[in-house]
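Inside the fold
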Amino acid sequence: MNGNTEQGVAGGEGIPKVGSEEQMFRMICNTSSCAILYYNFQSGVVRTLANWNSFFDIEVKNEDDFEKIYDCVEKQYVFSLKELLHTECRGMTSDSMVAALKGNNLWVECEAVVEYDGEGRPVEKVIRFKDVTKFKYQDEELAYLAYHDVLTGLYNRNYFVRHLGNFTQRASESKKKVAVMFLDIDDFRKINDVLGIIVGDEVVQQFGQFLGTFRSGQTIVSRFNSDIYCIGIYDPQEERSVEGIYRAIRERLQKPFIISSGQELIISVSVGVAEYPEAAKDVLELVNCAEIVMFKAKSGGKNAIQYFKVPILDDFLQNASIENKLKEAAFHENFVMYFQPQYRIRDGKLRGAEALIRWKDDDGNMISPSVFIPIAEKNGAIVPIGDWVIEESIRLYAGWKKKYNMSLILSINVSSIQYKRDDFVGKLTDTLEKYGVKPSEVELEITESVLIEDFVEVTDKLLILKGYGFKISLDDFGTGYSSLSYLKGLPIDTLKIDKSFIDTVISDYNTRIITESIIHMVKKLGYETVAEGVETKEQYDYLKSMECDTIQGYFLSRPLPSDQVEELLERDV
Ligand code: C2E
Ligand code: CA
Ligand code: CA
């Protein structure tokens with residue numbers, strides 16, 4: 001700007017010319033970086049003042065010349081500028097707007113101030129044009145940052161949710177659907193941990209940019225955070241159907257991403273899908289539903305798509321409420337130990353009992369351990385719960401032992417998290433000492449998955465436990481990785497054939513063959529066999545003919561509370 005004030009405060013009609021005031025006025029105008037237009041309604045005088053020439057190269061001498069100003073701004077601002085230049089027509093004393101000037105990338109803020117006389121007639125007005133280019137771009141940058149994810153250029157979570165709200169609003173009016181696809185890169189933590197977060201960021205960016213290609217007026221794409229993306233589709237169909245987009249994603253993911261270091265990386269994603277209005281009417285709930293079913297896709301083995309279903313949501317909500325209740329559960333009031341007797345086939349005598357935890361929640365509902373143990377394993381509650389199980393079952397067992405002067409085998413389920421802890425063996429032996437129970441009276445049940453996790457470390461630990469004299473039992477055999485070959489040389493004493501085998505052993509020929517070979521082989525290896533979940537006489541007789549060692553199941557006894565175990569001991573021992 002050149003500060004040209006040639007047309008400046010030259011005086012003339014309508015402008016005060018009072019000695020030093022005139023001087024002051026001139027100075028103020030000359031130092032202003034704005035362009036000013038003055039108009040006197042009575043005299044019709046128009047003046048352009050201050051920095052006028054650095055904004056406009058037109059002369060405005062009378063009201064008709066206002067037309068020339070309209071020509072200086074970009075077309076879309078002309079209408080508003082006309083209104084502003086005639087603010088008095090709307091009876092306002094001031095108004096403002098921002099407009100872009102033609103050609104020179106200049107953004108101006110235009111402000112009108114109108115003076116009225118006592119009767120409400122306009123007397124004078126001043127229109128001020130101020131260069132706000134710098135702020136405009138800053139604003140745009142801020143607006144961009146407020147709405148976008150910097151790494152991928154996709155919408156951010158907030159803006160996505162807002163936009164999705166517009167979609168659902170429109171959909172409710174036109175009776176259409178809106179689909180939400182919730183995407184999460186599988187094992188992304190591994191990429192970050194092993195290859196570093198820079199590589200992680202590159203993957204997120206490249207995949208995000210790929211997802212960005214689905215953007216259209218009806219499809220919005222966002223990165224929520226980390227490796228999570230969301231796609232919102234208004235009226236999904238044809239190329240913008242969930243299936244179509246998922247197919248395109250799968251196709252893209254067959255090829256690797258090439259990182260700037262030259263590394264090639266293949267990824268997979270798990271996707272959850274929920275549709276408005278079926279899954280939820282509220283936008284946040286809709287996204288939530290898609291997220292919840294995405295977890296289902298993850299837990300089902302990843303690299304998959306899962307559509308919303310009510311039972312999945314119910315399960316999730318139930319788990320969430322169990323998780324909360326678990327945190328508050330007070331052991332003595334909420335948990336109780338049951339014991340399921342195990343009988344030897346050979347002589348029909350009681351071999352021992354498996355300790356099984358029971359949980360009565362505050363509402364009086366019995367919650368099955370198959371529901372809450374996996375949750376406790378996830379949130380860490382399994383450690384105090386497991387400690388309590390060990391203490392309580394050994395305490396009760398010690399009581400029977402003393403009262404009936406006998407010795408049995410107490411089987412205790414140990415979760416892998418408990419088992420891995422350094423203080424596990426110490427706690428266990430301390431408890432046995434406290435109640436006067438020998439390690440040889442205790443059998444620890446571990447599952448195959450524990451072994452698979454870290455075969456060498458687990459085997460070493462098993463050897464230590466065996467060194468103390470504990471018995472080790474492999475639980476649920478046949479449900480997991482079931483390889484007979486790795487059984488050889490394992491430091492275990494007992495193998496529990498899972499209920500799923502027993503269930504079909506009579507009806508299904510293949511199961512029978514497998515079960516027979518398991519029993520045969522296990523006996524050869526010198527381990528004891530326990531069949532669990534035996535419910536019928538036929539199953540029992542069959543297992544007897546197979547020379548299975550021990551039977552546990554409803555056919556012989558359900559799990560019992562301690563006082564009922566005592567009744568049984570009174571009879572049997
Ligand atoms: P599991 O170790 O396989 O225990 C056997 C489950 O089968 C028990 O269910 C038992 O009640 C049930 N069962 C036994 N015989 C029969 C039968 O003839 N028919 C049928 N339908 N079911 C039978 P429960 O007590 O509900 O326990 C479920 C699972 O929860 C257990 O499976 C075990 O994995 C876990 N669990 C139970 N108590 C504990 C515990 O104290 N600590 C840990 N870590 N896990 C436990
Ligand atoms: Ca068990
Ligand atoms: Ca079992």
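How two helices pack is summed up by the angle between their axes together with the distance between the axes. Helix α22 (residues 562-572) packs onto helix α14 (residues 382-404) with a crossing angle of 25° between their chain directions and a minimal axis gap of 11 Å. By the criterion of interaxial angle, the relationship of α14 to α22 is roughly parallel. Between α14 and α22 the crossing geometry is right-handed. For the pair formed by α14 and α22, the contact residues are Leu396, Trp400, Lys403 and Tyr404 on the first element and Ser562, Val565, Glu566, Leu569 and Glu570 on the second. Grouping the amino acids of the contact of α14 with α22 by side-chain chemistry returns 5 nonpolar, 1 polar and 3 charged.

This paragraph deals with the coordination of the calcium ion (ligand 3). Ideal values for angles at a metal depend on the geometry: 109.5 degrees with four tetrahedral donors, 90 or 180 degrees with six octahedral donors. Around the calcium ion (ligand 3), the donor atoms from the protein are Asp475 (OD), Asp476 (OD), Glu532 (OE) and Glu532 (OE), and they sit 2.1 to 2.9 Å away. Binding-site remark: the calcium ion (ligand 3) is held by donors from one chain whose sequence spacing is D-D-x55-E. A spacing of 3.8 Å is found between the calcium ion (ligand 3) and the calcium ion (ligand 2), which share Asp475 as a donor. The exposure class of Asp475 is buried, given its relative accessible area of 7%. For Asp476, a relative accessible area of 26% corresponds to the partly exposed category.

Before going further, it helps to examine the site of ligand 1. Near ligand 1, the surroundings consist of 22 residues, among which Gln340, Arg358, Asp475, Glu535 and Tyr554 are the closest. Contact between ligand 1 and Arg358: an oxygen atom at 2.8 Å from a side-chain N or O atom of the residue. For ligand 1, whose accessible area on its own is 800 Å², the fraction buried by protein is 83%. Elements with a minimum of two residues in the shell around ligand 1: β14 (350-360), α13 (369-379) and β18 (471-477). For the shell around ligand 1, the element with the most residues is β14, which contributes 4 residues. Of the residues that constitute the shell around ligand 1, the class distribution is 8 nonpolar, 7 polar and 7 charged.

In this section: the sheet that holds strand β1 (residues 35-40). Taking strand neighbours across the sheet as the criterion, the 5 strands line up as β2-β1-β5-β4-β3 in an open arrangement whose pairing is antiparallel. Edge positions in the open sheet fall to β2 (46-50) and β3 (94-100), since each of these has one partner strand only. Each strand of the sheet is rotated relative to its neighbour by a mean of 20°, with strand direction disregarded. In this structure, β1 lies alongside β2, joined through 5 bridges in antiparallel fashion. Looking at β2, one finds that Tyr38 is bridged to Arg47. Of the strands in this sheet, β3, β4 (107-116) and β5 (122-131) touch helix α4 (residues 75-85), which is tilted by about 155° from β3.

Rules behind the numbers
Residues numbered from 1 in each chain as written. Chains lettered and ligands numbered in written order. Predicted model: local features only at pLDDT ≥ 70, side-chain atom pairs only at ≥ 80, totals over all residues. Heavy atoms only, no water. Axes fitted to C-alpha atoms, helices over the stretch in contact; angles between N-to-C directions. Helix = DSSP H or I, 4+ residues; strand = E, 2+ residues; numbered from the N terminus. Parallel < 35°, antiparallel > 145°, perpendicular 65-115°, else oblique. Left-handed = near helix turned anticlockwise from the far one by under 90°. Contact = heavy atoms within 4.5 Å. Nonpolar A, V, L, I, M, F, W, Y, C, P; charged D, E, K, R; others polar. Donors = N, O, S within 2.8 Å, 3.2 Å for Na, K, Ca; no water. Buried < 20%, exposed > 50% of the residue type's maximum accessible area, 1.4 Å probe, protein only. Near = heavy atom within 4 Å. Polar contact = N/O pair within 3.5 Å; in protein donor to acceptor, adjacent residues only side chain to side chain. Areas by Shrake-Rupley, 256 points an atom, 1.4 Å probe, with all protein chains shown as cover. Pairing = 2+ DSSP bridges.

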